[in-house]
Amino acid sequence: MERRQGSAGGNDRGGAGGLGERGGQQPGGAPVGGPGPGGRRFGTKIEKARDVRGTLRRLLGYLRPHSVVLAVAAVLVVASTLLDLVGPYLNGVAIDRFIVERDVPGLARIVLLMIGVYLVVWALRVVLARLMVNMVQKVMRTMREQLFGHLQTLSLSFFDQHPHGDLMSRLTNDLDALGRLLAQNVTDLIGGLLSLVGIVVMMFSINFWLALGSMFVFPLMMWFTGFVGKRTRQGFRDFQMRTGQLNGELEEIFSGQRVIIAFGQEGTTLSKFDRVNEETRDVGIRAQTYATLIPPLMGIFSNANIAILAGLGGWMVIRGLATVGTILTFYNYSRRFAGPLRQLGDLYNQIQSALAGAERVFELLDQQPEILEAPNAIVLDKVKGDVVFDHVDFSYVSDVPVIKDMSFHAEPGKTMALVGPTGAGKTTMINLLSRFYDIQGGSIRIDGVELRDYNKASLRRKLGVVLQDTFLFSESVMENIRYGRLDATDDEVIAAATLANADQFIRRLPQGYQTELSERGSNLSQGQRQLLAIARAILADPGILILDEATSSVDTRTEQHIQEALLRLMKGRTSFVIAHRLSTIREADRILVIDNGEIIERGTHDELLAQQGFYHHLYMSQFRGQGVAEA
């Protein structure tokens, strides 16, 4: 099965959320050689960007459940538009029948009738707006839920390759533009078209020659709208794409603000942002330039039409072929005729922008998950912890193997340590075990069952993961630990924190367990964040435990306490421990030495030291000069 690849070379890398080593990635999560700043970014090429009919058909699918509301809205649009056209006609009647004849009672009656008509029009439009807003918000909620839910099904490689800011832009900006299209633009478009048709019908029914003269500039208006509209739509598509990229840059800058300040790179960051901002500005200017051409030129066409009407109408009045009331009626209709045309010009731009956003949303919905659920997938209920890698091959990028013909057997309840240089493939092995990626060759089995035959959610619930790069949510300490098992009681959360030696520092926080954490837990030290991650894993009570440099950010004394807690947690569980600090894995049941995606040595700590090989060299290089004996 063809896969999107998202890494380079033999660099070992984690998934979204930082599962392990960062080798082979550029800032923002883009892998070297993949779709990073120098490659193709998500949204720079949209294959279905011009499929207007397909986009409209898909939008109609979301509107179909609200067909009754749409039918009522259509009736309200028609009624309000037709009633609105009655006003100019009554105005002409008032002049010819009552003002000229000096009939004051008749004039009062027709004025009251006009006021009543306009009040009814206002009431109908208020009801229409309320109906449409209510319906559109329901549609938007459905689309947001569907889009966000679909994102949860996508593989980690998808998030590795696509800027997060662009994804957020599609969930917010593009959907907002689509909401405005459905709530306002559609009814305005229908009302405008009905107004045009109604005005044409009324004018031709009143006076054929005046109507014909009023239609003189209409073909020019239509041609100009179509000519500019094509370029406007492309401009808005480019602008929305650039806006998504700008959001991506902002998200990365804000996430890395501490590093930027620490290395004094504010100027460089500002220059980089200015460059992206200028590109967005230039594209926005092009899009808005085309968009602003239509309204003023529509005004010119409208004024030209009034001039034609004034000349032709004046001549007809002099000749006795028309009345002053008729000319005033035509003047009002002509003004109203230009109004919908200008409105349609504006709407065309807004609709193009909204359709471009809808295409970007649907493009995201069309992304297929790479990690697919097997038919009749097995729900993993109880785990013995028997793990087998059988001749496993894996690559992030085609023809660049990261794991090569790897085989090993982790027996239930045993501790398997993975060591080796950065980028050797250790974290990739854990990613494959968690089924964040699918292998290209061989098989991985847990308790004798192929990994791909398990239900993904049930599999991951049985894996307890403590990452090197701890992620905490902007919630309380209590809720961050409870994330390991959402139905846990407060007492169980506190017990897990105590086991992880986190209870003491938590109780010293301003509100203890109810202390709210800032974004990514930045108001805690790295060591404290890691202790909370360990408590979260303890609370999850997993069948298989994965520790990715779980004690790398704590001091030696704290590390000793954590090691004691971890040993209690690991008892009776199959555990995989990635460690660069080799002193932490001396008691492992088996150690695998990984280099360049292959197992080059395996055995216990003492056995590997006795071999005087790669592990011996790593171990001695860490403790050389510290007086540490090999034993």
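Keep in mind the model is a prediction, meaning the values are calculated, not measured.

Helices and strands together make up the secondary structure of the chain, namely 19 helices and ten strands. For the chain, buried positions account for 49% of its 631 residues. Long-range contacts, defined as pairs at least 24 residues apart, comprise 76% of the intrachain contacts of the chain with a sequence gap of at least 6. When the accessible surface of the chain is totalled, it reaches about 30300 Å², and 58% of it is carbon and sulfur.

Moving on to unusual backbone geometry. One non-glycine residue, Asp447, lies in positive phi territory at about 55 degrees. Positive phi values are uncommon outside glycine, yet Asp541 reaches one of about 50 degrees. Mapped onto the elements of the fold, Asp541 is located in the loop between α16 (526-540) and β7 (544-548).

The subject of this paragraph is the packing of aromatic side chains. For the coordinates displayed, the defined rule picks out nine aromatic pairs. A centroid spacing of 5.2 Å and a plane angle of 85 degrees characterise the contact between Tyr396 and Tyr437, whose relative ring orientation is edge-to-face. Here the residue Tyr396 occupies a position in strand β1 (residues 387-397), and Tyr437 occupies one in the loop between α11 (426-433) and β4 (441-446), the gap between them amounting to 41 residues. Take Tyr396 and Tyr437: they sit in the same class, and that class is buried.

The sheet built from four strands is open, its strands ordered β2-β1-β4-β5 with antiparallel pairing. Looking at the sheet topology across the chains shown, the edges are occupied by β2 (400-410) and β5 (449-450). The sheet contact formed by β1 and β4 spans five bridges and is antiparallel. Counterpart to Phe389 in the pairing with β4 is Ile444. Helix-sheet contacts for α11 involve β1, β2 and β4, and the interaxial angle to β1 is about 110 degrees.

A full pass over the atoms with the stated rule returns 15 salt bridges. Among the ionic pairs, Asp84 bridges to Arg125, the shortest N-O distance being 3.6 Å. Linking Asp84 in helix α2 (residues 67-99) with Arg125 in helix α3 (residues 104-153), this pair joins segments that are 41 residues apart in sequence. Note on Arg125: relative accessible area 40%, which makes it partly exposed. Here Arg242 and Glu279 are joined by a salt bridge, their closest N and O atoms 3.0 Å apart. You can see Arg242 sitting in helix α7 (residues 218-255) and its partner Glu279 sitting in helix α9 (residues 266-318), a full 37 residues away along the chain.

Attention now goes to the sheet that holds strand β6 (residues 463-466). What the six strands build is an open sheet, ordered β6-β7-β8-β3-β9-β10; its pairing is mixed. Looking at strand neighbours, the two that pair on one side only are β6 and β10 (598-603), the edges of this open sheet. If you compare each strand with its neighbour and ignore which way they point, the axes differ by 20 degrees on average. Pairing geometry for strand β3 (residues 415-419) and strand β9 (residues 590-595), over four bridges, is parallel. Bridging from a neighbouring strand, Val419 pairs with Val593 of β9. Along the sheet, α11 contacts β3, β6, β7, β8 (574-578) and β9; its crossing angle with β8, the most-contacted strand, is approximately 145 degrees.

We now examine α16. Spanning 15 residues, α16 covers 21 Å between terminal C-alpha atoms, matching the ideal 21 Å at 1.5 Å per step. Most of α16 sits out of view: twelve of its 15 residues are buried. Among all positions of α16, only Gly527, Arg529, Gln530, Leu531, Leu532, Ala533, Ile534, Ala535, Arg536, Ala537, Ile538 and Leu539 are buried.

As a further point, take the pairing of β8. Taking burial as the measure, the five residues of β8 include five buried ones, the bulk of the element. Of the two faces of β8, the one lined by Thr574, Phe576 and Ile578 and the one lined by Ser575 and Val577 are each fully buried. Two elements, β3 and β8, share four bridges in a ladder whose sense is parallel. Across the sheet, Ala417 pairs through a bridge with Val577, a residue of β8. Across five bridges, β7 lies against β8 in parallel orientation. Within β8, the residue paired with Asp548 across the bridge is Ile578.

What follows is about the pairing of β9. Pairing of β9 with β10, which is carried by five bridges, proceeds in the antiparallel orientation. Across the sheet, residue Asp595 finds its bridge partner in β10, namely Glu598. Counted along the chain from β9 to the antiparallel partner β10, the turn is two residues long, and its residue Asn596 has a positive phi close to 55 degrees.

With that out of the way, let us pick up the environment of Arg130. Along the chain, Arg130 turns up in helix α3. Classification of Arg130 as exposed rests on a relative accessible area of 64%. Along the sequence, Arg130 and Ala73 sit 57 residues apart, while their C-alpha atoms lie 9.9 Å from each other.

The next thing to look at is helix α1 (residues 52-63). If you check α1, its first and last C-alpha atoms are 17 Å apart, about what twelve residues at 1.5 Å a residue would give, namely 16 Å. The complete set of buried residues in α1 reads Gly54, Thr55, Leu59, Tyr62 and Leu63.

With 45 residues, the main nonpolar core has Ile481, Ile506, Leu532, Ile585, Ile591 and Tyr615 as its most contacted residues. Not counting residues within four places of it along the chain, the set of residues in contact with Ile481 comprises Val493, Ala497, Ile506, Tyr513, Leu532, Ala535, Arg536 and Leu539.

A few words now on the packing of α2 against α3. Between α2 and α3, the least distance of the axes is 9 Å, while the angle of their chain directions is 160 degrees. Taken together, the axis directions place α2 and α3 in an arrangement best described as roughly antiparallel. Like other packed secondary-structure pairs, α2 and α3 cross with a definite hand, here left-handed.

Before going further, it helps to spend a moment on the confidence of the model for the chain. Model confidence for the chain is summarised by a mean pLDDT of 76, while 84% of its residues fall at 70 or above. Contacts for the low-pLDDT stretch residues 1-49, under 50 throughout, to residues beyond four places or in other chains number 149 contacts.

Another point: the environment of Asp589. Locating Asp589 in the fold gives a position in the loop between β8 and β9. Residues Asp589 and Lys414, spaced 175 residues apart in sequence, show a C-alpha to C-alpha distance of 6.0 Å. The residues touching Asp589, leaving out its near neighbours within four places in the chain, are Gly413, Lys414, Thr415 and Thr604. In terms of polar contacts, Asp589 uses its side chain to reach the backbone amide nitrogen of Thr415, at 2.7 Å.

Tracing the sequence through the fold places Thr329 in helix α10 (residues 324-365). Here the alpha-carbon distance between Thr329 and Met202, two residues 127 residues apart in the chain, equals 9.8 Å. Setting aside anything within four residues of it in sequence, one finds Thr329 in contact with Pro88, Tyr89, Gly92 and Ile206.

What counts as what
- Residues numbered from 1 in each chain as written.
- Predicted model: local features only at pLDDT ≥ 70, side-chain atom pairs only at ≥ 80, totals over all residues.
- Heavy atoms only, no water.
- Helix = DSSP H or I, 4+ residues; strand = E, 2+ residues; numbered from the N terminus.
- Buried < 20%, exposed > 50% of the residue type's maximum accessible area, 1.4 Å probe, protein only.
- Contact = heavy atoms within 4.5 Å.
- Areas by Shrake-Rupley, 256 points an atom, 1.4 Å probe, with all protein chains shown as cover.
- Phe/Tyr/Trp six-rings, centres within 6.5 Å; stacked < 30°, edge-to-face > 60°.
- Pairing = 2+ DSSP bridges.
- Axes fitted to C-alpha atoms, helices over the stretch in contact; angles between N-to-C directions.
- Salt bridge = Lys/Arg side-chain N within 4 Å of Asp/Glu carboxyl O.
- Expected span 1.5 Å × (residues − 1).
- Core = buried A, V, L, I, M, F, W, Y, C linked by side-chain atoms within 4.5 Å.
- Parallel < 35°, antiparallel > 145°, perpendicular 65-115°, else oblique.
- Left-handed = near helix turned anticlockwise from the far one by under 90°.
- pLDDT = per-residue confidence, 0-100.
- Polar contact = N/O pair within 3.5 Å; in protein donor to acceptor, adjacent residues only side chain to side chain.

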